[in-house]
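Survey of secondary and tertiary structure
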Amino acid sequence: MARDLRDPEAASVADGILSGGRTLVRALSGHRVTQVFGIPGTHNLEIYRHLAAYGIRHVTPRHEQGAGYAADGYARVTGQPGVVLTTTGPALLNAAAAVGQAYSDSVPLLVVSPGMPLRHPRLPTGMLHEMRSQTEALRGVAAFSHRVSSVPEIETAVARAFTLFSAGRPRPAHIEIPLDLLEATEALGPVRLAPPLPRATPDPHGVRRAARTLTAARRPALLLGGGARDAGSACLSLAERLAAPVVTTANGKGVVPETHPLSLGVALHSPGVQKWLSARDVVIAVGTELAESDFWSPPPALDGTLVRIDIDAAQMYGGTPADLALVGDARTTVEALLAEIPAARQDGRHARVPAEVAALRGARDAGTAARDARWIPYLKAIRSVLADDAIITSDSAQCCYYGALPHLPLGPHGRFLHPTGFGTLGYALPAAIGARTAAPDRQVLALSGDGGLQFTVQELATAVQLRLPLPIVVFDNGGYGEIRAEMAARGDTPTAVDFPPVDLPALARAYGGHGTRACTAEELRRAVAEALDTPGPTLITVPEETS
């Protein structure tokens, strides 16, 4: 084909001569990236100029922290890495909180930023967005921060990140490209790609040993975390074969259907469930850290044998050490166990366990019934209008961790995205935007408190721009309700936790969206149903008593 010599850039690309910015975009496209989140700035324009040519869609949040949370939500829904583009200095640091959350929750997130030029002096010069070290800052919250030193190394860094995402426990990564390399050109061959990797398989001897232990168990239990997400069907088969109740962490919510008779749902925070778990003769923990943030207290001592299944070998020694360690992909490992465990024989235990689970659910809820009563009718109203595959995004708010985690059951194919561990505020709204762009044919609902919402409330503008239906339910208790309660419990005078009233529905309308109030569960049901069919965001406040 004849080359158009009037287009110097086309001629250069045909000769394999690419700028650093184009090299990055080509590498992202080669790894099947089709959407990125970010904000253009003076130093990253050479990246932005090439996105359209490679068919990469761009979503522009109004703050880099929102970009990070949106990419996180996108990654959790698609199972593919979320990609964030920032400019230098403050923009990158704005995204750091989202990187920390992704690290805590094992989310594949790639953040790409320019950096100071290759030969930038050690002593500060006052250059725009200059800071001492972006890579040192991001190394503190990401799995790695890779500052490249040549145009070809850009492809190497991208391949390194995608290898991390597929080779083991996914963690966020940062790539820094010196801004002079973005404009520099070099002759390159075919794009360098991360190698395809098989699912990690466990040691067969360990599988057989664990299978014997499980077959002999009289009081088994399954404990599922976010790492079991792709193993849901196999985990449910294992639970049914062993007549083993299933309890999940927040990130494991919905790995098995929460309406199943063996499911305790999210219940590790319940003292009664912790006591019950301690008395099991075998506990199979799949894809979970067994962390304090899962139990809301130090993990309980286990009397029986702990079988841990995890892609991360280091987990076998962290938290509660494994008695039997199976290092491998969750689905592959659980399926290997099923192949070694005889088919279930319906006996007395299989008949009585569902009643035991129902009693434990009741015990889970009895101790907190007075506290949780304010949210339960509203959560039932929300559940009644959501489809079985709806996605709910959550914040570090009382209505979420006390209310929705235990009391809002998911449909068979639903998802619940919650910021555990790191416990950031402001996650729900931008994560819902990311989830909605990832799954435009599925219902998405954001659930937040008024304190958390205002960390990222400017992302209402992003939701308006995208015009995707998005109900945002905000329980408004006039400030930081959890901290207010903790201060009162200590006998302290509540300080710095009460906000002047904010008309949040009016704020949503000012951004070009929709807003209303729901003072009863029925009003909320109608408002959510309407919002699901209305283009753009609808912010629905539910007033709470604050006295």
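So, here's what we can say about the structure.

About the thresholds
Residues numbered from 1 in each chain as written. Predicted model: local features only at pLDDT ≥ 70, side-chain atom pairs only at ≥ 80, totals over all residues. Heavy atoms only, no water. Salt bridge = Lys/Arg side-chain N within 4 Å of Asp/Glu carboxyl O. Buried < 20%, exposed > 50% of the residue type's maximum accessible area, 1.4 Å probe, protein only. Helix = DSSP H or I, 4+ residues; strand = E, 2+ residues; numbered from the N terminus. Pairing = 2+ DSSP bridges. Axes fitted to C-alpha atoms, helices over the stretch in contact; angles between N-to-C directions. Parallel < 35°, antiparallel > 145°, perpendicular 65-115°, else oblique. Contact = heavy atoms within 4.5 Å. Polar contact = N/O pair within 3.5 Å; in protein donor to acceptor, adjacent residues only side chain to side chain.

So, on to the pattern of salt bridges. Summed over all chains, the structure comprises 19 salt bridges. Between Glu 258 and Lys 253 there is a salt bridge, with its nearest N and O atoms 3.0 Å apart. Judged by its relative accessible area of 9%, Glu 258 falls in the buried class. On the basis of relative accessible area, Lys 253 is assigned to the buried category, the value being 0%. For Asp 389, the salt bridge is made with Arg 442, and the minimal N-O distance between the two is 3.9 Å. Here the residue Asp 389 occupies a position in the loop between α17 (376–385) and β15 (391–393), and Arg 442 occupies one in the loop between α19 (428–438) and β17 (444–449), the gap between them amounting to 53 residues. Relative accessible area serves as the criterion here: at 28%, Asp 389 is assigned to the partly exposed category. A network of salt bridges, in which partner residues are shared, links Asp 72, Arg 76 and Asp 105.

Right, let's get into the sheet that holds strand β7 (residues 173–178). Strand-to-strand pairing in sheets goes through backbone hydrogen bonds, with the strands running parallel or antiparallel. Taken together, the six strands give an open sheet; going across it, the order is β3-β2-β4-β5-β7-β6, and neighbouring strands pair in parallel fashion. What marks the edges here is a single partner per strand, and that holds for β3 (57–59) and β6 (144–147). If you compare each strand with its neighbour and ignore which way they point, the axes differ by 25 degrees on average. For strand β5 (residues 109–115) and β7, the ladder comprises six bridges, and the chain directions are parallel. Considered in β7, the bridge of Val 111 is made with His 174.

When two helices pack together, their arrangement is given by the angle between the helix axes and the distance between those axes. Put simply, helix α12 (residues 271–278) and helix α15 (residues 348–366) touch, their axes get as near as 7 Å, and they point 140 degrees apart. Our classification of the angle between α12 and α15 gives oblique. Touching Gly 272, Val 273 and Trp 276 of α12 are Glu 356, Leu 360 and Arg 364, all from α15.

Now for the sheet that holds β15. As summarised here, the arrangement of the six strands in space is β16-β15-β17-β18-β20-β19, forming an open sheet in which the pairing is parallel. Each of the sheet's edge strands pairs with one partner strand only, and the pair in question is β16 (415–417) and β19 (514–517). Within this sheet the neighbouring strands show an average axis-to-axis angle of 20 degrees, counted without direction. Strand contacts of helix α4 (residues 64–78): β15 and β16, with the helix running at about 150 degrees to β16, the strand carrying the most contacts.

What follows deals with the environment of Arg 364. Looking at the element boundaries, Arg 364 is found in helix α15. The exposure class of Arg 364 is buried, given its relative accessible area of 6%. Sequence separation between Arg 364 and Ala 267 is 97 residues, and the spatial gap between their C-alpha atoms is 6.7 Å. Ignoring any residue separated from it by four or fewer positions in sequence, one finds Arg 364 in contact with Leu 264, Gly 265, Val 266, Ala 267, His 269, Ser 270, Val 273, Pro 406 and His 407. One polar contact links the side chain of Arg 364 to the main-chain carbonyl oxygen of Pro 406, over a distance of 3.1 Å.

The next subject is the side chain of Asn 477. Considering the arrangement of structural elements, one finds Asn 477 in the loop between β18 (470–476) and α22 (481–489). Residue class for Asn 477 comes out buried when judged on its relative accessible area of 8%. In this structure the side chain of Asn 477 is engaged in a polar contact, spanning 3.4 Å, whose partner is the side chain of Gln 398.

The next thing to look at is helix α14 (residues 330–340). For α14, the set of buried residues is Ala 330, Thr 332, Thr 333, Val 334, Leu 337 and Leu 338. Close packing links the buried residues of α14 with α10 (204–216), α11 (232–242), β12 (282–286), β13 (305–310) and β14 (324–327). For α14, the N-terminal capping position is held by Asp 329, with its side-chain oxygen 3.2 Å away from the main-chain nitrogen of Arg 331.

Keep in mind these numbers describe shape, not what the thing actually does.
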